[in-house]
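Here is how the chains run, residue by residue.
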Amino acid sequence: MNIGYVWVLANYPGDAGAVDLDTPAKMLDRLFSEVINDVVNMDENKTHILNVLTLSKWEESEVRCQIATLLKPLTEDKNHYLQFMGRYLNVYQEKPGEEVINNPNSLDFIFGRWNGVSNSFESANFPIGYEGGNSGVCPSHNLVEAFDMRDGTPFDWNNPEHRNKALEPSERDPRLAQTVLMNGQTFKDKVVESFIGGMNGLPKEGASPTSYYLRKHLKEATDLTTGSATSYQHIWPLFRYAEVLLNYAEALLEATKEPDFKGTLDNVQYTVSPREAVNMIRTRVDMNAVETTGYDAFKKRLRNERRVELAFEGHRFWDIRRWMTGTSTTRIEGLSITAVKDESGEGYIYSYEKKTVQERIWEERMNYYPIQDVELFKNHNLVQNEGWESN
């Protein structure tokens, strides 16, 4: 049913093995067809296309495949698709700095999975040292370095000035503090102490090996205190307008090799350049524009923008394989933080040292999945993906 611009699909059978797959498939076809129709024929005076798609136990990959299938006719009609993009651009930028995650009213939000009331995600991911916290996902220092300095300069650990300001939220891209909990940040009215010997640091059992904790997706107001626990709904983003812009920028860049391309290609007029698409995202978080020139240099910046904007939203795993950059991701780094009391005895003076937390193995065959033996037995014309022949 359609409630305003919030799409709700309720009571979808969760056990695929126990239901007739034809029925939900046809139901989803109709639903998404209606959604796509609303998107491309939206009233220009409306400020939202749709906000949230609530699914009951429907895997993200299946949703994406369904959306992609139904979007195919739209993308083939490039002019119609570009009209949709252009129509939404101005609306998208009306609320700079707007919180996106767990905000169903965000203009950036297109599709999402709305989970029930629960505090299990917070229990799994609150830092050790907070009541009920179990650390969970511990972001790497590699990711932290990917966020620019506040003035838009790429972070450089070898620059002493950058290094001294590495964990100061006001000196970094605002998205860093929205994504990662770092030593010295305030969370739930307490200062995070992930330095060695700190409340949330090693050698405490369960402490983050990287010194970082997850911030994104967490509901900070959640209380895990025994006897007074509270819970909230969470919205897992499946498709955001930021991704639309990043997909558009990457596709147009690869097609033209020109960061500033605007013009006609295959009889379609492109009025937004790859650079402009990327900078629309940065403008919303009050970050300076990417001014890098040249195809290779801009591609590096574009990929980095995708990494930080869509962090912990299920994209990085696939992007690494799509770009075939796995060999550059094997060393997982963390930060060893030593704290010494300052002269007042109330604060700390910190020293930082990068460390290798884990060395992972990467083989080129990992860019592809192996085809299951059962499928090879069914169809002898199938050829196993390169590198998996003997497995």
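Residues numbered from 1 in each chain as written. Predicted model: local features only at pLDDT ≥ 70, side-chain atom pairs only at ≥ 80, totals over all residues. Heavy atoms only, no water.

## Quick notes on helix α9 (residues 274-284)
Right, on to step 1. Burial of α9 is extensive: nine of the eleven residues sit out of reach of the surface.
Right, on to step 2. When we look at burial in α9, the residues that qualify are Pro274, Arg275, Ala277, Val278, Asn279, Met280, Ile281, Arg282 and Arg284.
Right, on to step 3. After α9 finishes, the residue Asp286 shows a positive phi value of roughly 60 degrees. (Buried < 20%, exposed > 50% of the residue type's maximum accessible area, 1.4 Å probe, protein only. Helix = DSSP H or I, 4+ residues; strand = E, 2+ residues; numbered from the N terminus.)

## Let's talk about a nonpolar patch on the surface
Right, on to step 1. Taken together, the side chains of Phe317, Trp318 and Tyr369 present a nonpolar region at the surface, about 370 Å² in accessible area.
Right, on to step 2. Along the chain, the position of Tyr369 falls in the loop between β13 (348-359) and α12 (373-378). (Patch = residues over 30% accessible without salt bridge, like charges linked within 9 Å, V, L, I, M, F, W, Y side chains within 5 Å. Areas by Shrake-Rupley, 256 points an atom, 1.4 Å probe, with all protein chains shown as cover. Salt bridge = Lys/Arg side-chain N within 4 Å of Asp/Glu carboxyl O.)

## So, the environment of Ala249
Right, on to step 1. Note on placement: Ala249 falls in helix α8 (residues 241-256).
Right, on to step 2. Taking the C-alpha atoms as reference points, Ala249 and Leu302, separated by 53 residues in sequence, lie 7.9 Å from one another.
Right, on to step 3. If we ignore the near neighbours within four places in the chain, the residues touching Ala249 are Pro274, Ala277, Val278 and Leu302. (Contact = heavy atoms within 4.5 Å.)

## Structural notes on α8
Right, on to step 1. When the terminal C-alpha atoms of α8 are compared, their 23 Å separation across 16 residues agrees well with the 22 Å that a helix rising 1.5 Å per residue should span.
Right, on to step 2. Of all the positions in α8, only Tyr241, Ala242, Glu243, Val244, Leu245, Leu246, Tyr248, Ala249, Glu250, Leu252, Leu253 and Thr256 are classed as buried.
Right, on to step 3. With its phi angle positive at about 65 degrees, Lys257 sits one or two positions after the end of α8. (Expected span 1.5 Å × (residues − 1).)

## Some details on the pairing of strand β9 (residues 235-240)
Right, on to step 1. When you tally the buried positions in β9, you get five out of six residues, the bulk of the element.
Right, on to step 2. Judged from the five bridges that link them, strand β4 (residues 109-114) and β9 form a sheet pairing that is antiparallel. Bridging from a neighbouring strand, Phe109 pairs with Arg240 of β9. (Pairing = 2+ DSSP bridges.)

## Thoughts on the pattern of salt bridges
Right, on to step 1. In the structure shown here, the tally under the stated rule is 25 salt bridges.
Right, on to step 2. The residue Glu313 makes a salt bridge to Arg240 at a minimum N-O spacing of 3.0 Å. With a gap of 73 residues between them, Glu313 in the loop between α10 (295-309) and α11 (316-323) and Arg240 in strand β9 connect regions that are remote in the sequence. Each of the two residues, Glu313 as well as Arg240, counts as buried.
Right, on to step 3. In this structure, Arg331 engages Glu359 in a salt bridge whose closest nitrogen and oxygen atoms are separated by 3.0 Å. Of the two residues, Arg331 is situated in strand β12 (residues 331-341) and Glu359 in strand β13; the sequence distance between them amounts to 28 residues.

## Focus: the confidence of the model for the protein chain
Right, on to step 1. Of the residues in the protein chain, 75% reach a pLDDT of 70 or more, and the chain-wide mean stands at 82.
Right, on to step 2. Every residue in residues 1-25 scores below 50 in pLDDT, and together they form 37 contacts with partners more than four places removed in sequence or on other chains.
Right, on to step 3. Contacts from residues 42-61, a stretch scored under 50 in pLDDT, to residues over four places away or in other chains number 66 contacts. (pLDDT = per-residue confidence, 0-100.)

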